[in-house]
Amino acid sequence: MSAPECRLYLLTPPSIPDLDAFARDLEAALASVRVAGDVACLQIRLKPAQEAEIRRVAAVLTPICHAHGVAVILNDRPDLVKPLGLDGVHIGQSDGSYAAARRDVGPHGIVGVTCHDSRHLAMEAAEAGADYVAFGAFFPSATKDTTTRADPEILTIWQETMEVPCVAIGGITVDTAEALAQAGADFLCVGAGVWGHPDGPAEAVRQMTAAMQRGLQGGLSHL
């Protein structure tokens, strides 16, 4: 078995009052990828999710992401994935079924599923065909109220027993990235830990990637 990887999965803030400024921050972060780290995707997560605002944000951010080979995932709204030219959807346990999401995004679209702290929910999602499962929250989050708290051990168990990738989410920062990568996360979903970093998003990506690499070297890299 080859050594696992751990990649960044960026999450937008729940609201983006200055879209032009955020687009510049996103461009800076993604432009530094070859030097600073590897960003796999961006999830557009706007709360409340008004369709007009989703369309406005997606129209600006999607070309930036695609120019850098970064997938764009939409939270909650599988029906808008194809019309907006996005790559997939992320659904929670109360956001409709996996089967309905798959019908909307098609056989080649990405469907990720929130599984909180439950291996049972994750196994159900994986068996249904989910492209990834998301565990969390691992830490208190500044962008989302958390009702469950996951232990990093769930990542280790999942990595050792299942093929479907797992995403760690919830309050992740540069200081906590190493431990979650070491535990077995395939992706770290990070929002405020990047956009609110005191030295800017590009530096946050660099530091986050370095932390993830340290975690891999000290964790499952022997596999």
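Residues numbered from 1 in each chain as written. Predicted model: local features only at pLDDT ≥ 70, side-chain atom pairs only at ≥ 80, totals over all residues. Heavy atoms only, no water.

Chemist: Tell me about unusual backbone geometry, residues and numbers included.
Modeler: Lysine 47 connects to proline 48 through a cis peptide bond whose omega is -5°. Position of proline 48 among the secondary structure elements: in the loop between β2 (39-44) and α3 (51-67). Between glycine 136 and the following residue, alanine 137, the backbone shows a cis peptide bond with an omega angle of 5°. Structurally, alanine 137 can be placed in the loop between β6 (132-136) and α6 (153-161). Even without glycine at this site, aspartate 76 takes up a positive phi of about 75°. Here aspartate 76 lies in the loop between β3 (71-75) and β4 (88-91). At histidine 116, a position not held by glycine, the phi torsion is positive, near 55°. (Helix = DSSP H or I, 4+ residues; strand = E, 2+ residues; numbered from the N terminus.)

Chemist: How would you sum up helix α1 (residues 19-31)? Please name residues and give values.
Modeler: With 13 residues, α1 should reach 18 Å at 1.5 Å per residue; the first-to-last C-alpha distance of 18 Å fits that figure. Within α1 the residues assigned to the buried category are Leu19, Phe22, Ala23, Leu26, Ala29 and Leu30. Here the buried residues of α1 occupy an arc of 125° about the axis, which is enough to place them on one side. Facing away from the buried surface of α1 by more than 90 degrees, the exposed residues are Asp20, Arg24 and Ala31. (Expected span 1.5 Å × (residues − 1). Buried < 20%, exposed > 50% of the residue type's maximum accessible area, 1.4 Å probe, protein only. Arc of directions from axis to C-beta.)

Chemist: Can you explain the sheet that holds strand β5 (residues 110-114)? Please cite residues and give values.
Modeler: Reading around the circumference, β1-β2-β3-β4-β5-β6-β7-β8 is the order of the eight strands in this closed barrel, with parallel pairing throughout. Geometrically, the sheet is characterised by an average inter-axis angle of 25° between neighbouring strands, direction not taken into account. As judged from the four bridges shared by β4 and β5, these two strands associate in the parallel manner. Among the inter-strand pairings, histidine 90 is bridged to a residue of β5, identified as glycine 112. Against the sheet, helix α9 (residues 201-218) contacts β1 (7-11), β2 and β8 (187-190), and its axis sits at roughly 140° relative to β1. (Pairing = 2+ DSSP bridges. Axes fitted to C-alpha atoms, helices over the stretch in contact; angles between N-to-C directions. Contact = heavy atoms within 4.5 Å.)

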